[in-house]
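# Descriptive analysis of the structure
Here is how the chains run, residue by residue.
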Amino acid sequence: SVFVLTSPAWSWTQQDISEFQKANRAYRAGKYQEAIPLYEALIKANPNSAVVWYDLGGSYFRTGQTGKAILAYEKALLHNPRSADSRKNLNYVRGLLEYRIEDKRNWYLRAGEIFLSYFTEMEIWLLAALIYLLFAASWCFLLFFNRANGWGWKIKTLFVLLLFASVSVVAKNIEKKRFSF
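Here the structure is a predicted model, which means the values were calculated and not measured.

Throughout the structure, instances matching the rule amount to two salt bridges. Note that Glu74 and Arg94 form a salt bridge whose closest N and O atoms lie 2.2 Å from each other. Of this pair, Glu74 sits in helix α5 (residues 66-79) while Arg94 sits in helix α6 (residues 84-95), and the two are 20 residues apart along the sequence. Judged by relative accessible area, which is 36%, Arg94 ranks as partly exposed. Salt-bridge contacts for Arg82 lead to Glu123; the nearest nitrogen and oxygen are separated by 2.4 Å. One end of the pair, Arg82, is in the loop between α5 and α6; the other, Glu123, is in helix α8 (residues 121-145), and 41 residues separate them in sequence.

And the structure:
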């Protein structure tokens, strides 16, 4: 069920499904070193599969590869940002690190990162497109039907939302490039 919801069905071949099942059997049997190359091969064929990234993170964690586990869980969250299991496992593995870097960024940068972490890149693009269309339609309406009023509070609010959406698209794109490996 999770597999179907988090992976586009059209991108999985019958061989991919068979390999995924084989990797899962190896994982359940405790053969994590055997499961890792199987999951990695699936990632090469289906790099946007959150469930495979999640399972790969678990395999890395079980073999003591903490850094790779963290990256795999972050990739899983990049493709399925509202996955409670991926978020919980990522926080757990990060908590095991001996050395931690204190986040001294401004509150608004941290809040922005938290906001972006709950949406996929496609959702951010759709939000930006919707706000752009609202702004463009409102502006055209003002140009043709309400010339005396000018830029009222409604159009100014839409403009601010448009700027926010544009910044969100750019930030999500940067985040995506940051985790590509």
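This paragraph deals with the packing of aromatic side chains. Counted according to the given criterion, the structure contains six aromatic pairs. Their ring planes at 75° and their centres at 6.0 Å tell us that Phe61 and Tyr92 sit as a pair that is edge-to-face. Of this pair, Phe61 sits in helix α4 (residues 50-62) while Tyr92 sits in helix α6, placing them 31 residues apart in sequence. Accessibility expressed as a relative area gives 25% for Phe61, which makes it partly exposed. An aromatic cluster of at least three residues, connected via ring pairs, comprises Phe115, Phe119 and Phe164. Just above the ring of Tyr118 sits the side chain of Arg87; from NZ or CZ to the centre is 4.4 Å.

As a further point, take the nonpolar core. Residues Phe20, Tyr39, Leu42, Val52, Trp53, Leu56 and Tyr60 are the most contacted members of the largest nonpolar core, which totals 23 residues. Of all elements in the fold, only α2 (14-28), α3 (32-45), α4, α5 and α6 reach the threshold of two or more residues within this core. Leave out the neighbours within four places in its chain, and Leu42 touches Trp12, Asp16, Glu19, Phe20 and Val52. Core analysis: the second largest hydrophobic core is formed by eleven residues, Ile124, Phe135, Leu142 and Val169 among them.

When pLDDT is averaged along the protein chain, the result is 82; 87% of the residues meet or exceed 70. Averaged pLDDT values for the elements of the protein chain fall to 44 in helix α1 (residues 2-6) and rise to 95 in α4.

A separate point is the packing of α2 against α4. The contact between α2 and α4 brings their axes to 11 Å, and the two run at 30°. Relative to α4, the element α2 is oriented roughly parallel. The interaxial crossing formed by α2 with α4 has left-handed handedness. Packed against α2, whose contacting residues are Phe20, Asn24 and Tyr27, the element α4 presents Val51, Val52, Asp55, Gly58, Ser59 and Arg62 at the interface. Looking at the contact of α2 with α4, its residues break down into four nonpolar, three polar and two charged.

To continue, consider α5. Here α5 spans 20 Å end to end across 14 residues, near enough to the 20 Å set by a 1.5 Å rise per residue. Within the sequence span of α5, burial applies to Ala69, Ile70, Ala72, Tyr73, Glu74, Lys75, Ala76, Leu77 and Leu78.

Rules behind the numbers
- Residues numbered from 1 in each chain as written.
- Predicted model: local features only at pLDDT ≥ 70, side-chain atom pairs only at ≥ 80, totals over all residues.
- Heavy atoms only, no water.
- Salt bridge = Lys/Arg side-chain N within 4 Å of Asp/Glu carboxyl O.
- Helix = DSSP H or I, 4+ residues; strand = E, 2+ residues; numbered from the N terminus.
- Buried < 20%, exposed > 50% of the residue type's maximum accessible area, 1.4 Å probe, protein only.
- Phe/Tyr/Trp six-rings, centres within 6.5 Å; stacked < 30°, edge-to-face > 60°.
- Lys NZ or Arg CZ within 6 Å of the ring centre and 35° of its normal.
- Core = buried A, V, L, I, M, F, W, Y, C linked by side-chain atoms within 4.5 Å.
- Contact = heavy atoms within 4.5 Å.
- pLDDT = per-residue confidence, 0-100.
- Axes fitted to C-alpha atoms, helices over the stretch in contact; angles between N-to-C directions.
- Parallel < 35°, antiparallel > 145°, perpendicular 65-115°, else oblique.
- Left-handed = near helix turned anticlockwise from the far one by under 90°.
- Nonpolar A, V, L, I, M, F, W, Y, C, P; charged D, E, K, R; others polar.
- Expected span 1.5 Å × (residues − 1).

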